[in-house]
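Descriptive analysis of the structure
Spelled out from the first residue to the last, the chains are:
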Amino acid sequence: MGWNSWNKFASRIDDAAVRTMADAMVASGMSKLGYVYINIDDTWEGGRDAAGNLIPNKKFPDMKALADYVHSKGLKIGIYSSPGPKTCAGYEGSFGHEVQDANTFAAWGIDYLKYDLCTAMTIYQSTQEDEQGLYQKMGDALQKTNRPIIYSLCQYGQADVWKWGAKTGGNLWRTTGDIRDDWASMDRIGFGQLAIASFARIGHWNDPDMLEIGNGGMNTDEYRTHMSLWSMLSAPLIAGNDLRNMTDDTKSILMNADIIAVDQDPAAKPVQVLSEQGKIETLWRQMKDGAVVIGIFNRGDAAANGTVAWSDVKLGDAGQKLQVRDLWKHQAVSTVGDRYTATVPPHGVEMLKVSVAEGK
Ligand code: GLA
């Protein structure tokens, strides 16, 4: 869980913005909820010095000092590079300097590297053999630094990366092309992940890209769906908005502790489809504590009803009394009767946590 500069700032990111974002992650209360990484994406690179060391450009006068500052807030810092000669935005990449760059990142105190294929596609083939090899090269280099550095593979889900990403040392791997801050993009990416959900496991995650919550292109229901869906997928929660001026709505979505607990559930079981009723798609996932979380998603443009039969949710012994909580309304849901119908707004969701009631 953390924050990344790209979705909101693209090339308009600099040292001062990163520092104030770290401040905001703490001041907003996000860090207490588990958001810890402050990740600098593309456009920080300045080229190489005479010894071939990768250096930052003038937006980032002193990376080590910046890392120290982020660490002083109790947070961790991430950076970005490419296995190609140039990054996607045309800045210096790590091709031919993999070991040297890994050592530079470790010396600065970097805790996370996003390694983005970009121009490596002009050198290597987009086959598993080539891509696994180039990601292994940086994975080995990071390992040899002896600094724990989260390794984030970004090659847009080519060559079934979910089958081999972990072998290269990858802790997460992008499974799709870039997300955009609109419903169509988020819906397509989010619901497109179900078939590969079982490839995610502790420490090695499918990454359906960073969050757009708070960036303005979707409404509150759509952003709740974004947060709920990513959490049902156990996806990395990397905020991509400006943390320094969040509306109450944005905070209530990014900082919903009940939904975050779904995302971070230590059992990390894969999400499953419970039913499809017209535009309503109902997903469920079993939690470590034995409870079941159900997401009743409305992918349609009009309000619609979604029904769950409690008997479909295999929980405890038949006939046991259930307790149900709505994780967005933060209130109990009646379990009278053998089924429950939610009226879900267009592009919205109802998230329910179902557990066996205590006592009789
Ligand atoms: C690619 C990645 C994005 C971002 C940009 C930066 O498009 O997929 O997430 O890192 O490059 O140039």
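Anyway, here's the lowdown on the structure attached to this text.

Helices and strands together make up the secondary structure of the protein chain, namely nine helices and 18 strands. A compact globule built from 360 residues would reach a C-alpha radius of gyration of about 21 Å, and the protein chain, at 21 Å, matches this within 12%. For the protein chain, the spread of C-alpha atoms along the principal axes amounts to about 75 × 45 × 40 Å. Relative to its 360 residues, the protein chain shows a buried fraction of 54%. By sequence separation, contacts in the protein chain at least 24 residues apart represent 68% of the contacts at least 6 residues apart.

Next up on the list: the sheet that holds strand 16 (residues 331-333). Either a parallel or an antiparallel arrangement is found when strands of a sheet pair, and the pairing is made through backbone hydrogen bonds. Read from one edge to the other, the open sheet built from six strands follows the order 11-12-13-18-15-16, with strand pairing classed as antiparallel. Each end of this open sheet is capped by a strand with a single partner; those strands are strand 11 (272-277) and strand 16. With direction set aside, neighbouring strand axes in the sheet form an average angle of 25°. Relative to strand 13 (residues 292-298), helix 7 (residues 220-232) is tilted by about 140°, and along the sheet it contacts strand 12 (280-286), strand 13 and strand 18 (349-356).

Membership of the largest hydrophobic core comes to 86 residues, with the highest contact counts inside it found for Trp44, Met227 and Leu254. Top element by residues in this core is helix 2 (residues 15-27). It accounts for six residues. Apart from residues no more than four positions distant in its own chain, Met227 is found in contact with Tyr35, Leu211, Ile213, Leu237, Ile253, Leu254, Ile259, Ile260 and Trp328. Membership of the second largest hydrophobic core comes to 17 residues, among which are Leu322, Tyr340, Leu352 and Val354.

Before going further, it helps to examine the pattern of salt bridges. Under the criterion given, the structure shown has 19 salt bridges. A salt bridge links Arg19 to Asp15, with the shortest nitrogen-to-oxygen separation between them at 2.7 Å. Separated by four residues within a single helix, Arg19 and Asp15 lie in helix 2, roughly one turn from each other. Here Arg147 makes a salt bridge to Asp111, at a shortest N to O gap of 2.6 Å. Residue Arg147 is located in the loop between helix 5 (128-144) and strand 7 (150-154), and its partner Asp111 is located in the loop between helix 4 (98-108) and strand 6 (112-116); the two are separated by 36 residues in the primary sequence. Residue Asp111 is classed as buried on the basis of its relative accessible area, which comes to 6%.

Right, let's get into the side chain of Ser152. Relative to the assigned elements, Ser152 resides in strand 7. Those residues in contact with Ser152, other than ones at most four positions away along the chain, are Tyr112, Leu113, Lys114, Tyr115 and Leu172.

Near the ligand you find 13 residues, and of these Asp41, Asp42, Lys114, Asp116 and Asp178 are the closest. Between Lys114 and the ligand, the recorded distance is 2.8 Å, taken from a side-chain N or O atom to an oxygen atom. Interatomic distance of 2.9 Å between a side-chain N/O atom of Asp116 and an oxygen atom of the ligand. Computed on the free molecule, the ligand has an accessible area of 310 Å², of which 92% lies beneath the protein chains in the complex.

The geometry of two aromatic rings is summed up by the distance between their centres and the angle between their planes. Under the definition given, this model contains eleven aromatic pairs. Geometrically, the ring pair formed by Tyr37 and Tyr112 is tilted, given 5.2 Å between the ring centres and 55° between the ring planes. Residue Tyr37 is found in strand 2 (residues 37-39), and its partner Tyr112 is found in strand 6; the two are separated by 75 residues along the sequence. As far as burial versus exposure is concerned, Tyr37 and Tyr112 are alike and both buried. Taking 5.5 Å as the distance between ring centres and 90° as the angle between the ring planes, the aromatic pair formed by Phe191 and Phe297 counts as edge-to-face. Pair noted here: Phe191 is in helix 6 (residues 183-191) and Phe297 is in strand 13, with a separation of 106 residues, a long-range link. With relative accessibility at 0%, the residue Phe297 sits in the buried group. In this structure an aromatic cluster arises from ring pairing among Trp44, Phe105 and Trp108.

Quick look at the packing of helix 4 against helix 5 now. Two elements in contact, helix 4 and helix 5, have axes separated by 9 Å at closest approach and are oriented at 40°. When the interaxial angle is binned, helix 4 and helix 5 end up oblique. Classified by chirality, the crossing of helix 5 by helix 4 is right-handed. Contact residues: Glu98, Val99 and Ala102 in helix 4; Lys137, Met138, Ala141 and Leu142 in helix 5.

We now examine helix 7. Between its first and last C-alpha atoms helix 7 spans 18 Å; for 13 residues at 1.5 Å apiece the expected length is 18 Å, and the two agree. Of all 13 residues in helix 7, ten are buried, a share of seventy percent or more. Where helix 7 is concerned, the buried positions are Glu222, Tyr223, Thr225, His226, Met227, Ser228, Leu229, Trp230, Ser231 and Met232. Along its buried surface, helix 7 packs onto helix 6, helix 8 (248-254), helix 9 (257-263), strand 12, strand 13 and strand 18. The N-terminus of helix 7 is capped by Asn219, whose side-chain oxygen sits 3.1 Å from the backbone nitrogen of Asp221. The positive-phi residue at the C-terminal boundary of helix 7 is Ser234, with phi of around 55°.

About the thresholds
- Residues numbered from 1 in each chain as written.
- Predicted model: local features only at pLDDT ≥ 70, side-chain atom pairs only at ≥ 80, totals over all residues.
- Heavy atoms only, no water.
- Helix = DSSP H or I, 4+ residues; strand = E, 2+ residues; numbered from the N terminus.
- Rg over C-alpha atoms; globule rule 2.2 N^0.38 Å.
- Buried < 20%, exposed > 50% of the residue type's maximum accessible area, 1.4 Å probe, protein only.
- Contact = heavy atoms within 4.5 Å.
- Pairing = 2+ DSSP bridges.
- Axes fitted to C-alpha atoms, helices over the stretch in contact; angles between N-to-C directions.
- Core = buried A, V, L, I, M, F, W, Y, C linked by side-chain atoms within 4.5 Å.
- Salt bridge = Lys/Arg side-chain N within 4 Å of Asp/Glu carboxyl O.
- Near = heavy atom within 4 Å.
- Polar contact = N/O pair within 3.5 Å; in protein donor to acceptor, adjacent residues only side chain to side chain.
- Areas by Shrake-Rupley, 256 points an atom, 1.4 Å probe, with all protein chains shown as cover.
- Phe/Tyr/Trp six-rings, centres within 6.5 Å; stacked < 30°, edge-to-face > 60°.
- Parallel < 35°, antiparallel > 145°, perpendicular 65-115°, else oblique.
- Left-handed = near helix turned anticlockwise from the far one by under 90°.
- Expected span 1.5 Å × (residues − 1).

Such coordinate-based values are descriptive only and should not be taken to indicate function.
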